[in-house]
2 protein chains.
Amino acid sequence: MKTVKGFASATVGNVACGFDVLGFAITEPGDEVTLTLLDERKKDCPVSIASITGDGGALPLDPKKNTSSFVVLKFLEYIRTHKGVDFSGHISLELKKNLPLSSGMGSSAASAAAALVAANELLGQPCTKMELVHFAIEGERVACGSAHADNAAPAILGNFVLIRSYTPLDLITIPPPKDLFCTLVHPHTELRTSFARSVLPRAIPLKTAIQQWGNVGALITGLLTSDYELIGRSLVDVVAEPKRAPLIPGFFDVKQAALDAGALGCSIAGSGPSLFAFSSSEKTAREAGNAMQQAFLSPKTNLDSDMWVSRICSEGAKIL
Amino acid sequence: MKTVKGFASATVGNVACGFDVLGFAITEPGDEVTLTLLDERKKDCPVSIASITGDGGALPLDPKKNTSSFVVLKFLEYIRTHKGVDFSGHISLELKKNLPLSSGMGSSAASAAAALVAANELLGQPCTKMELVHFAIEGERVACGSAHADNAAPAILGNFVLIRSYTPLDLITIPPPKDLFCTLVHPHTELRTSFARSVLPRAIPLKTAIQQWGNVGALITGLLTSDYELIGRSLVDVVAEPKRAPLIPGFFDVKQAALDAGALGCSIAGSGPSLFAFSSSEKTAREAGNAMQQAFLSPKTNLDSDMWVSRICSEGAKIL
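Residues numbered from 1 in each chain as written. Chains lettered and ligands numbered in written order. Predicted model: local features only at pLDDT ≥ 70, side-chain atom pairs only at ≥ 80, totals over all residues. Heavy atoms only, no water.

Chain A carries the name Homoserine kinase in an unreviewed UniProt entry, which gives Chlorobium limicola as its organism. We quote the UniProt Function (unreviewed entry) comment for chain A here in full: "Catalyzes the ATP-dependent phosphorylation of L-homoserine to L-homoserine phosphate." (UniProt positions renumbered as here; feature names shortened; annotations may be inferred.)

Okay, structure coming up:
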């Protein structure tokens, strides 16, 4: 009876200006998926969910509906048709959720990525990490109705990942600057990705689009040249943030608190309600996080929150 | 009687995906502006145009309307108010146009840049090159009604220049990959920038904008990491090229000819009608250029053209 435990960490999609094309992974927190290989197939489905903890009972136990098992099914189908691996056993899945749901922290992508590296390891690594990304993206469709890659890709690959194109999928991994620290603050409120997407316009003024791609180009330059000031100046989102900020209680105060504490920049993590900030030292990142938590606690919003300070993760999903 | 001759080369704005935010300079051809300092002021204007050659009589001789003299007037005004340099003499300007007008090759920006470095030299270099960029951008407003910086900035600064923001102006200089060669082909037809801008939509679908900023990020990554294949894949313009291509006879055939000859990518130079292509060797760049010229000569379009092959210019406008 072979058992493998996979781990994948939280990710931040969008990264201010990089809506739907940029994301990065941090080192903690993350979800754990333990897969156990059983010799005999149970029922008609090769994967079953033995347990889910940490989700408060919110996630489905049906293996075709749960993201982590769904991506393993996709993986099994792929290695059968593309790699000649005809798996006839059964996989029992245990999911330990450490990431809050609907938080903007890439919760579904982390579960999918942890499950995929574990499944790949369990069956002798038939796939590359780049192949696994495809299944993780399919998982996002199940989780939130949109097959976006800005959480799924960094959850698997680590680092910053830029999605140049979705069709065909063209991913570019960008290693993080050495002294870049991420503060992630999760207020205790939920915001569903599907709802956060519904408030976005279908079209935007050309002038607005130009501003956004100027910032995307500058942010990439800042990351690749370790120009921390430029990274800060480029963390401007004129497309999604103005529409989503009203969905996050106290957003502008919390962002200002991060900037006042010395953060390079601050914006919504993914579709929110979490916020991320970048700093060029761990000390500043902690100070920014404390200031952000205080701002969420102000009488106007009165929200408790969790806070993590982390470097950018450069290894991606891994076996524990 | 002091005389200074300035030179600034052709520039390519937009660079496919980087509409209004990216441009680069090549090493030739370029415009020359000779300034002569006279002791006494003639008339009420401190600058007069002694001669313009190479424009076929198309450019205005009124110093307030000609781009090259207009930017010198702006420069004089600035150094009087900001640098305490009260110029009381007179400048006589001779413009030698080597760049075709309305060609997409940054003709007006080259004249402005050449005039500005000459004026700055003539008066003891009161301004930095970055300051000069502001006047060159003002010149673009006079020349085509739009104060865009994607020709003016690289004409002064050389290299690739990314415009992160217009207000405040935030320019990022990106040095070119060592083996990147530009082919520039100018068909003998004109396309006015103001008209080429008028065909663009005021709003674009969010999905289209996302594609564009994915490519901008990837192009910058390719440039900064000398990834020539990535540069090629990123030279995709889903915003301006589809609208402007019909204004350029034979566009798609010429582009395809460049790609078939081995160019990394090909798109409209600025607002056209010139096309640029990138290649990773001088040999390929010449072969692409020959193929593009042949395509313009096909019976369908039957257009003569000029062709230049050049590295990216890394020094910008200079004194000859």
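Draft legend 1. Spatial organisation of the overall build of chain A. Each helix and strand in chain A was counted, giving 10 helices and 12 strands. Over its C-alpha atoms chain A spans a radius of gyration of 19 Å, differing by no more than 12% from the 20 Å that the globule rule assigns to 320 residues. Reported as C-alpha extents along the three principal axes, the dimensions of chain A are approximately 60 × 40 × 35 Å. Put simply, of all contacts in chain A between residues at least 6 apart along the chain, 73% involve residues at least 24 apart. On chain A, roughly 12100 Å² of surface is accessible, and the fraction owed to carbon and sulfur atoms is 50%. With 29 positive and 31 negative side-chain charges, chain A shows a spacing of 4 Å between the two charge centroids. (Helix = DSSP H or I, 4+ residues; strand = E, 2+ residues; numbered from the N terminus. Rg over C-alpha atoms; globule rule 2.2 N^0.38 Å. Contact = heavy atoms within 4.5 Å. Areas by Shrake-Rupley, 256 points an atom, 1.4 Å probe, with all protein chains shown as cover. Lys, Arg positive; Asp, Glu negative; His and termini not counted. Charge placed at Lys NZ, Arg CZ, Asp CG, Glu CD.)

Draft legend 2. Spatial organisation of the domain arrangement of chain A. All names here are of chain A. When the domains of chain A are assigned, the result is domain 1 (2-174) and domain 2 (181-311). Centre-to-centre, using C-alpha coordinates, domain 1 lies 25 Å away from domain 2. Taken residue by residue, the interface counts 29 residues in domain 1 and 37 residues in domain 2. In total, domain 1 and domain 2 occlude about 2500 Å² of area from one another, counting both sides; carbon and sulfur atoms represent 70% of this. Summed over the three residues of domain 1 that lose the most area to domain 2, namely A16, C17 and S102, the buried surface amounts to 25% of that side. Applying the counting rule to domain 1 against domain 2 returns eight residue pairs in polar contact (both at pLDDT 80 or more). Sorting the residues of the side of domain 1 that touches domain 2 by element identifies β1 (2-13), β2 (22-38) and β5 (160-165) as the ones contributing at least two each. Ranked by residue count, the leading element in the side of domain 1 that touches domain 2 is β2, at seven residues. Per-class residue counts for the side of domain 1 that touches domain 2 are 18 nonpolar, nine polar and two charged. (Domains from an automatic or database assignment. Buried area = accessible area lost by both parts, 1.4 Å probe. Polar contact = N/O pair within 3.5 Å; in protein donor to acceptor, adjacent residues only side chain to side chain. Nonpolar A, V, L, I, M, F, W, Y, C, P; charged D, E, K, R; others polar.)

Draft legend 3. Broad picture of helix α2 (residues 107-122) of chain B. Residues and elements named next belong to chain B. Helix length check: α2 (16 residues) gives 23 Å between terminal C-alpha atoms against 22 Å at 1.5 Å per residue, within 8%. Taking burial as the measure, the 16 residues of α2 include 14 buried ones, the bulk of the element. Of the residues one or two after α2, G124 is the one with positive phi, at around 85 degrees. (Expected span 1.5 Å × (residues − 1). Buried < 20%, exposed > 50% of the residue type's maximum accessible area, 1.4 Å probe, protein only.)

Draft legend 4. Spotlight on the pairing of strand β6 (residues 170-174) of chain A. For β6(A), a buried count of four out of five residues is recorded, marking the element as mostly surrounded by other parts of the structure. From the end of β5(A) to the start of β6(A), which pair antiparallel, there are four residues. (Pairing = 2+ DSSP bridges.)

Draft legend 5. Region of the structure containing the sheet that holds strand β11 (residues 305-311) of chain B. Residue and element names in this part refer to chain B. Here we have four strands laid out as an open sheet, ordered β9-β10-β7-β11, and antiparallel in their pairing. Each of the sheet's edge strands pairs with one partner strand only, and the pair in question is β9 (265-268) and β11. Ignoring strand direction, the axes of neighbouring strands in this sheet form an average angle of 20 degrees. The pairing of strand β7 (residues 181-187) with strand β10 (residues 275-279) spans five bridges and is classified as antiparallel. Across the sheet, residue L184 finds its bridge partner in β10, namely F276. Running over the sheet, helix α9 (residues 251-260) touches β9 and β10 and is turned about 155 degrees from β9. (Axes fitted to C-alpha atoms, helices over the stretch in contact; angles between N-to-C directions.)

Draft legend 6. Region of the structure containing the UniProt feature "domain: GHMP kinase N-terminal" (unreviewed entry) in chain A. The feature "domain: GHMP kinase N-terminal" (unreviewed entry), as given by UniProt, occupies residues 72-158 of chain A in the numbering adopted here. Along residues 72-158 of chain A one finds 56% helix and 8% strand; the C-alpha atoms at either end are 20 Å apart.

Draft legend 7. Representation of the side chain of B:S305 within the structure. Relative to the assigned elements, B:S305 resides in strand β11. In this view, B:S305 contacts B:V185, B:H186, B:P187, B:H188, B:Q293 and B:F296; residues no more than four positions away in its chain are not counted.

Draft legend 8. How the structure looks around the UniProt feature "binding site: ATP" (unreviewed entry) in chain A. Residue and element names in this part refer to chain A. Within the UniProt annotation, "binding site: ATP" (unreviewed entry) is assigned to P100, L101, S102, S103, G104, M105, G106, S107, S108, A109 and A110. Along the chain, the position of S103 falls in the loop between β4 (90-96) and α2 (107-122). A residue is classified by how much of its surface remains accessible, and S103, at 1% relative accessible area, is buried. With sequence-adjacent residues up to four places away left out, S103 is seen in contact with H186, G272, P273 and S274. A relative accessible area of 0% places A109 in the buried class. In this structure, A109 is in contact with E140, N151, A152 and A155, ignoring residues within four places of it in sequence.

Draft legend 9. Broad picture of the environment of B:T128. With respect to the element layout, B:T128 can be found in the loop between α2 and α3 (129-144). Residues B:T128 and B:E241, spaced 113 residues apart in sequence, show a C-alpha to C-alpha distance of 35 Å.

Draft legend 10. Region of interest: the pattern of salt bridges. In this structure the tally under the stated criterion is 26 salt bridges over all chains. Between B:E287 and B:K283 there is a salt bridge; the shortest N-O distance is 3.1 Å. Of this pair, B:E287 and B:K283 both sit in helix α10 (residues 282-296), separated by four residues, roughly a single helical turn. Taken together, the salt bridges that share partners define one network made up of A:R164, A:D170 and B:R233. (Salt bridge = Lys/Arg side-chain N within 4 Å of Asp/Glu carboxyl O.)

Draft legend 11. Broad picture of the sheet that holds strand β11 (residues 305-311) of chain A. All names here are of chain A. Strand order in the open sheet made by the four strands is β9-β10-β7-β11, with antiparallel pairing throughout. Strands with a single pairing partner mark the edges of an open sheet, and in this sheet they are β9 (265-268) and β11. Within this sheet the neighbouring strands show an average axis-to-axis angle of 20 degrees, counted without direction. Against the sheet, helix α9 (residues 251-260) touches β9 and β10 (275-279), its axis set at about 155 degrees to β9. The sheet strands contacting helix α10 (residues 282-296) are β7 (181-187), β9, β10 and β11, and the helix crosses β7 at an angle near 15 degrees.

Draft legend 12. Focus on the packing of helix α1 (residues 67-82) of chain B against α3(B). Residue and element names in this part refer to chain B. The contact between α1 and α3 brings their axes to 9 Å, and the two run at 135 degrees. Comparing the axis directions of α1 and α3 gives the class oblique. In this structure, α1 meets α3 at a crossing whose hand is right-handed. Residue-level inspection shows T67, F70, V71, K74, F75 and Y78 of α1 in contact with α3, the latter providing E131, L132, F135, A136, E138, G139, V142 and A143. (Parallel < 35°, antiparallel > 145°, perpendicular 65-115°, else oblique. Left-handed = near helix turned anticlockwise from the far one by under 90°.)

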